[in-house]
Amino acid sequence: MRLAYTDEGPGPAVVLLHGFPLGREMWKEQVAGIGSMYRVIAPDLRGHGDSPAPEGDYTIDEMADDVVELLDTLGLDDPIVLGGLSMGGYVALSLVARYPERVRGLLLMDTRAAADSPEAAEKREELARAVLAAGHSGPAVEAMIPRLFARVTLEGRPERVAPIRELMESNTARGVVGALRAMASRPDRRADLAAIRQPTLVMVGEEDVVTPPAEAQDLADAIAGARLEVIPAAGHLAPYENHAVANAVLLRFLDGLR
Ligand code: MLT
């Protein structure tokens, strides 16, 4: 599938995969902050943004295969640095497990390796049905917004919340349902973590309630040599909410890979 994408900046390629139900616009501050030194490539994953939202359920592996197709289209045969936030992290873990030769560094942000519990999968299915019944992404937006941000952002920085709401509202019911079912059916990737040889940075917002710091610590502990960075004044969208600190952390990691 041909994904829509942003491709900006010189230097080594860094591919950033957005969370659910967002889109590549969430990486604007990374394009601005690290795009003068690195080539930042940010696709809209299938079902999101300007990329196609085919009928039917998706899988996380399919979403990863779309990204590999994009790398091929761009002629990126040399391994890239791959980053993913939350659902984007699930996609990144699928990609690195199945195409390790395409990745030379890994950024796992506000994400986890475990699969959904049966209860979590059932909740997603309920949300998918609500979205289908509404015919728009609204129910997913209302379910997600209160859980995405740190308190300081949610209560005191409406100008940072509004663009994320807009981004989520722009996604179609079909795409949102496809992605919800992809996440609900994703495999447990914890057993793959020991095989990761790429230098890895794990990042999490200190107030992330979706994938809390304790889970990020487990992720970092399971990957040889991985480091955990906890981003202050941030929830589940750490690189968006506190881009000044997150970009400094990202640059330090990327510069270390040069
Ligand atoms: C995301 O931000 O991508 C989602 O919160 C991930 C999830 O619901 O598991």
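(A) Structural context of unusual backbone geometry. Cis peptide bonds are those with omega within 30 degrees of zero, and the linkage from F20 to P21 qualifies with -15°. Along the chain, P21 falls in the loop between β2 (13-17) and α1 (28-34).

(B) Broad picture of the layout of surface pockets. By volume, the largest pocket amounts to about 500 Å³. In terms of lining, the largest pocket is formed by 22 residues, of which the most central are A120, R124, M144, R147 and V210. Here the lining of the largest pocket is composed, by residue class, of 13 nonpolar, 3 polar and 6 charged. Within this model, the second largest pocket holds a volume of roughly 170 Å³.

(C) Highlighting the packing of helix α4 (residues 118-134) against helix α5 (residues 138-148). α5 packs onto α4 with a crossing angle of 135° between their chain directions and a minimal axis gap of 7 Å. Our classification of the angle between α4 and α5 gives oblique. Contact residues: L127, A130, V131 and A134 in α4; P139, A140 and A143 in α5. By residue class, the composition of the contact of α4 with α5 is 7 nonpolar, no polar and no charged.

(D) Just the packing of aromatic side chains, in detail. A full pass over the atoms with the stated rule returns 0 aromatic pairs. Positioned above the aromatic ring of Y240, the side-chain terminus of R160 is 4.0 Å from the ring centre.

(E) Quick look at the packing of α5 against helix α7 (residues 158-169). Axis separation between α5 and α7 bottoms out at 11 Å; the angle between their running directions is 150°. Taken together, the axes of α5 and α7 lie roughly antiparallel to each other. Where α5 crosses over α7, the handedness of that crossing is right-handed. For the pair formed by α5 and α7, the contact residues are V141, E142, M144, I145 and L148 on the first element and V161, I164, R165, M168 and E169 on the second. Classifying every residue of the contact of α5 with α7 gives 7 nonpolar, no polar and 3 charged.

(F) Quick peek at the site of the ligand. Close contacts around the ligand come from G19, F20, S86, M87, Y90, R112, R124, M144, M183, V210 and H236, and that covers them all. S86 is positioned with one of its side-chain polar atoms (N or O) 2.9 Å from an oxygen atom of the ligand. Among the residues forming the shell around the ligand, the class breakdown is 6 nonpolar, 3 polar and 2 charged.

(G) Quick look at the pattern of salt bridges. In total, this model carries 25 salt bridges according to the counting rule given. The residue D116 makes a salt bridge to R186 at a minimum N-O spacing of 2.7 Å. Highlighted residues: D116 in the loop between β5 (103-109) and α4 and R186 in the loop between α8 (173-184) and β6 (200-205), separated in sequence by 70 residues. Each member of the pair, D116 as well as R186, is classed as buried. One salt bridge in this structure joins E125 and R181, with 2.8 Å as the shortest N-O distance.

(H) Region of the structure containing the sheet that holds strand β7 (residues 227-231). Spatial strand order, β1-β3-β2-β4-β5-β6-β7: 7 strands in an open sheet with mixed pairing. Each of the sheet's edge strands pairs with one partner strand only, and the pair in question is β1 (5-8) and β7. On average, each strand axis in the sheet is tilted by 15° relative to the strand beside it, whichever way the strands run. As defined by bridge partners, β1 adjoins strand β3 (residues 39-43) across 4 bridges and the pair is classed as antiparallel. The residue bridging E8 from the neighbouring strand is V40, located in β3. Along the sheet, helix α9 (residues 213-222) contacts β5, β6 and β7; its crossing angle with β6, the most-contacted strand, is approximately 175°.

(I) Molecular detail of α9. If you check which residues of α9 are buried, you get A216, L219 and A220. Seen from one end, α9 has its buried residues packed into an arc of 95°, which puts them on one side. In α9, the exposed positions that point more than 90 degrees away from the buried face belong to A214, D218 and D221. Tucked into the core, α9 has its buried residues touching β5, β6 and β7.

About the thresholds
Residues numbered from 1 in each chain as written. Predicted model: local features only at pLDDT ≥ 70, side-chain atom pairs only at ≥ 80, totals over all residues. Heavy atoms only, no water. Helix = DSSP H or I, 4+ residues; strand = E, 2+ residues; numbered from the N terminus. 1 Å grid on protein atoms, 1.4 Å probe; cavity = no way out; pocket = protein on both sides within 12 Å on 5 of 7 lines; lining within 4 Å. Points joined across faces, edges and corners; volume = space filled by probe spheres on them. Nonpolar A, V, L, I, M, F, W, Y, C, P; charged D, E, K, R; others polar. Axes fitted to C-alpha atoms, helices over the stretch in contact; angles between N-to-C directions. Parallel < 35°, antiparallel > 145°, perpendicular 65-115°, else oblique. Contact = heavy atoms within 4.5 Å. Phe/Tyr/Trp six-rings, centres within 6.5 Å; stacked < 30°, edge-to-face > 60°. Lys NZ or Arg CZ within 6 Å of the ring centre and 35° of its normal. Left-handed = near helix turned anticlockwise from the far one by under 90°. Near = heavy atom within 4 Å. Polar contact = N/O pair within 3.5 Å; in protein donor to acceptor, adjacent residues only side chain to side chain. Salt bridge = Lys/Arg side-chain N within 4 Å of Asp/Glu carboxyl O. Buried < 20%, exposed > 50% of the residue type's maximum accessible area, 1.4 Å probe, protein only. Pairing = 2+ DSSP bridges. Arc of directions from axis to C-beta.

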